[in-house]
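Summary of the model geometry
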Amino acid sequence: MNKRNIVVLIGGILFGFGLAYSGMTKQEIVLSFLQLEDLGLIFVLGGAALVAAFAINVLAKLQKKPVLGGEFKPRRRILSWSIIIGAVIFGVGWGISGQCPGSAVASLGTGNFPVLVGIAAMFIGAYIRGLLDS
Amino acid sequence: MFPLGIEPYLVGGIIVGVGVALIYLVTGLHATQSSFFTTTLSWFSKRKSFQKDSNIKERGWRLTLATGLVIGALIHTLTLSHTGFWTTSVQLWRLILGGLLVGFGTRLSSGCTSGHGISGLGSLSLTSLYSVIVFMGVAIVTASIVQMLGVSP
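We now turn to the structure provided with this report. Just so it is clear, the structure is predicted and the values come from calculations on it, not from any experiment.

Right, let's talk about the overall build of chain B for a bit. Secondary structure summary: chain B contains six helices and zero strands in total. Starting at the N terminus and ending at the C terminus, chain B contains elements arranged as α-α-α-α-α-α. Counting all 153 residues of chain B, 56% fall into the buried class. The long-range share in chain B, meaning contacts at least 24 apart out of those at least 6 apart in sequence, stands at 48%. Within the structure as shown, chain B displays about 6500 Å² of accessible surface, and the carbon and sulfur contribution to it stands at 70%.

Structure follows, in structure tokens:
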């Protein structure tokens, strides 16, 4: 494994550990947020976004270049109807199932095997999206 | 509002953010999740939309990232977890129908809770802010309707 992928793996392990620590790997906890019974999810997303913002806007600027070379590019997308309509469709799916891509994948590490069918369905949904994009 | 307290949420979120920050500062990559589906499909589908250069270039590290997520959650389950190995009681039809819409919607939207939510907001992207407001608002309305219809869990 090259240096880059080792760092991606370590970062991914932290990511998955944090999702499990915060309960996001449990669809019931995500649904309790979406049913406005437990608002904790806001602190997960907010905490992660704040740390990312500090890295992207402060540390990266001091550092100038990624340690392994290349250049820093903040993640920005041009607003379009696809992005908004996609967000609506994602929202319906998230509200029905309590699953999003990262939390569903991490959930496998907790032995939550029913989400395998959810992840398979996500692949099918992404495949259908690809079919329409030709 | 916070029956389980705030600590697990805030600490977990910060750990997620440190993982994202580490990957960005060392490699310049944004550790986002939903592209994983598209790049992984490039191993299985010959269609042009999956065979884009960017998909081929990214599929290796995106699979590595997904593997990391599983290992990280497994480590938590074996160490600090109060519940240990755990299985959801949410009905299978919800996981399947929801999963289909999540897969389709996140790819149409070019981002999910991590892409728009963490890396996008972290990049101060207005597009991502609008996306997060839309998918979170729609998800809250959807989950509340499902609950009102008496579906549980």
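Back to the text.
Applying the stated criterion to the full structure yields two salt bridges over all chains. Between K52(B) and D133(A) there is a salt bridge, with its nearest N and O atoms 3.6 Å apart. Of this pair, K52(B) sits in the loop between α2 (35-41) and α3 (53-78) while D133(A) sits in the segment after α6 (115-132), each in a different chain. Judged by its relative accessible area of 41%, K52(B) falls in the partly exposed class.

Take the packing of helix α3 (residues 41-63) of chain A against helix α5 (residues 113-122) of chain B next. Contact geometry for α3(A) and α5(B): axes closest at 6 Å, N-to-C directions at 45°. Taken as axis vectors, α3(A) and α5(B) run oblique relative to one another. At the point where α3(A) passes α5(B), the crossing takes the right-handed sense. From α3(A), L45(A), A48(A), A49(A), A52(A), A53(A), I56(A) and N57(A) reach across to α5(B), where they touch T113(B), G117(B), I118(B), S119(B), L121(B) and G122(B). Residues belonging to the contact of α3(A) with α5(B) are distributed by class as follows: eight nonpolar, five polar and no charged.

This part is about the interface of chain B and chain A. Tallying the contact residues gives 117 residues for chain B and 109 residues for chain A. With both chains or domains summed, chain B and chain A bury close to 9900 Å², and 75% of this area falls on carbon and sulfur atoms. It is Y9(B), L25(B) and W86(B) that lose the most area in chain B upon contact with chain A, and together they represent 8% of the buried surface on that side. Between the two partners, chain B and chain A, sit one salt bridge. The interface formed by chain B and chain A includes 32 residue pairs in polar contact (both at pLDDT 80 or more). For the side of chain B that touches chain A, the secondary-structure elements that each account for two or more residues are α1 (7-27), α2, α3, α4 (92-108), α5 and α6 (126-148) of chain B. Within the side of chain B that touches chain A, the residues separate by chemical class into 62 nonpolar, 50 polar and five charged.

Okay, unusual backbone geometry next. Of note, the bond from S152(B) into P153(B) is cis; its omega dihedral lies within 30 degrees of zero at -5°. Tracing the backbone shows P153(B) in the segment after α6. Even without being glycine, K64(A) reaches a positive phi, approximately 70°. Phi at L124(B) is positive, roughly 60°, even though this residue is not glycine. Checked against the element boundaries, L124(B) lands in the loop between α5 and α6. For L124(B), a relative accessible area of 56% puts it in the exposed group.

Before going further, it helps to spend a moment on the packing of α6(A) against α4(B). It is at 7 Å that the axes of α6(A) and α4(B) come closest, and there the two elements cross at 35°. The way α6(A) lies across α4(B) gives a crossing that is right-handed. Packed against α6(A), whose contacting residues are V115(A), V117(A), G118(A), A121(A), M122(A), I124(A), G125(A), A126(A), I128(A), R129(A) and L132(A), the element α4(B) presents L92(B), L95(B), I96(B), G99(B), L100(B), V102(B), G103(B), F104(B), R107(B) and L108(B) at the interface. Residue composition of the contact of α6(A) with α4(B), by class: 15 nonpolar, four polar and two charged.

Next up on the list: the nonpolar core. Grouped together as the largest cluster of nonpolar side chains are 60 residues, with contacts concentrated most on M24(A), L34(A), W94(A), I118(B) and M136(B). Considering every element that reaches this core, the biggest residue donor is α3(A), with eight residues. What M24(A) contacts, discounting residues up to four positions off in sequence, is L19(A), I29(A), V30(A), L41(A), V44(A), S103(A) and Y9(B).

The rules behind each value
Residues numbered from 1 in each chain as written. Chains lettered and ligands numbered in written order. Predicted model: local features only at pLDDT ≥ 70, side-chain atom pairs only at ≥ 80, totals over all residues. Heavy atoms only, no water. Helix = DSSP H or I, 4+ residues; strand = E, 2+ residues; numbered from the N terminus. Buried < 20%, exposed > 50% of the residue type's maximum accessible area, 1.4 Å probe, protein only. Contact = heavy atoms within 4.5 Å. Areas by Shrake-Rupley, 256 points an atom, 1.4 Å probe, with all protein chains shown as cover. Salt bridge = Lys/Arg side-chain N within 4 Å of Asp/Glu carboxyl O. Axes fitted to C-alpha atoms, helices over the stretch in contact; angles between N-to-C directions. Parallel < 35°, antiparallel > 145°, perpendicular 65-115°, else oblique. Left-handed = near helix turned anticlockwise from the far one by under 90°. Nonpolar A, V, L, I, M, F, W, Y, C, P; charged D, E, K, R; others polar. Buried area = accessible area lost by both parts, 1.4 Å probe. Polar contact = N/O pair within 3.5 Å; in protein donor to acceptor, adjacent residues only side chain to side chain. Core = buried A, V, L, I, M, F, W, Y, C linked by side-chain atoms within 4.5 Å.

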